[in-house]
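A look at the structure
Spelled out, the chains give:
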Amino acid sequence: MMIRIVTEPEARIEPGHQWLIVPDSPSGRALADLLHERRPLIKRGGSLLIPHDEHVDQVIVQLIDELARVRYESPVLVQLTMVMDEEEVE
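An account of the accompanying structure is given in this report. Since this is a predicted model, take the numbers as computed values, not measurements.

This part takes up the overall build of the chain. The helix and strand tally for the chain stands at two helices and four strands. Of the regular secondary structure in the chain, the N- to C-terminal order runs β-β-α-β-β-α. Counting only residues that meet the buried cut, the chain has 22% of its 90 residues in that class. Within the chain, counting contacts between residues at least 6 apart in sequence, those at least 24 apart form 42% of the total. Roughly 6800 Å² of accessible area belongs to the chain as shown, and the carbon and sulfur atoms make up 57% of that amount.

Written out as structure tokens, the structure is:
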């Protein structure tokens, strides 16, 4: 999954009027829901636009901190296994 950051004029979005752009796929929607906490998303073509505001920044930092904590507590952990329902696989 490719995540892009773009800058577009939008007075309601801070810092720097940025958008995170993720694919409109099951994993992209899951990430968007996590970062944006199920607030309405903007769909543009095959992508979802997530306003990169202070709240999203805080969620990203918390997510990184949690992943680092898990890795630190389990130094032999090589891979986290993700299990998906068959209907989620495209």
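The rest of the description comes next.
With respect to the helices and strands, the residue Ser47 is situated in strand E4 (residues 47–51). Filtering out sequence-adjacent residues up to four positions away, Ser47 remains in contact with Arg4, Ile21, Val22, Pro23, Asp24 and Ile42.

Turning our eyes to something else, we now look at a nonpolar patch on the surface. On the surface, Leu34, Leu63 and Leu67 cluster together to form a nonpolar patch covering roughly 240 Å² of accessible area. By the secondary structure assignment, Leu67 is in helix H2 (residues 54–73).

As a further point, take the nonpolar core. Leu20, Val22, Leu31, Ala32, Leu35, Leu48, Ile50, Val56 and Val59 together form the largest nonpolar core, which totals nine residues. Secondary-structure elements contributing two or more residues to this core are strand E2 (18–23), helix H1 (26–36), E4 and H2. Take this core: its biggest share by element is three residues, from H1. Those residues in contact with Leu35, other than ones at most four positions away along the chain, are Leu20, Ile50, His55, Val56, Val59 and Ile60.

This brings us to the side chain of Ser25. Residue placement: Ser25 occurs in the loop between E2 and H1. From its side chain, Ser25 meets the backbone nitrogen of Gly28 in a polar contact 3.1 Å long.

Here we take up the pattern of salt bridges. The tally for this structure, following the rule as stated, stands at three salt bridges. Across the pair Lys43 and Asp24 runs a salt bridge, and its minimum N-O distance is 2.3 Å. Note that Lys43 is positioned in strand E3 (residues 42–44) and Asp24 in the loop between E2 and H1, a separation of 19 residues in sequence. The closest approach of N and O atoms between Glu66 and Arg69, which form a salt bridge, is 2.3 Å. Of this pair, Glu66 and Arg69 both sit in helix H2, separated by three residues, roughly a single helical turn. With a relative accessible area of 37%, Arg69 lands in the partly exposed category. Overlapping salt bridges bring together Asp24, Arg29 and Lys43 as one network.

What counts as what
Residues numbered from 1 in each chain as written. Predicted model: local features only at pLDDT ≥ 70, side-chain atom pairs only at ≥ 80, totals over all residues. Heavy atoms only, no water. Helix = DSSP H or I, 4+ residues; strand = E, 2+ residues; numbered from the N terminus. Buried < 20%, exposed > 50% of the residue type's maximum accessible area, 1.4 Å probe, protein only. Contact = heavy atoms within 4.5 Å. Areas by Shrake-Rupley, 256 points an atom, 1.4 Å probe, with all protein chains shown as cover. Patch = residues over 30% accessible without salt bridge, like charges linked within 9 Å, V, L, I, M, F, W, Y side chains within 5 Å. Salt bridge = Lys/Arg side-chain N within 4 Å of Asp/Glu carboxyl O. Core = buried A, V, L, I, M, F, W, Y, C linked by side-chain atoms within 4.5 Å. Polar contact = N/O pair within 3.5 Å; in protein donor to acceptor, adjacent residues only side chain to side chain.

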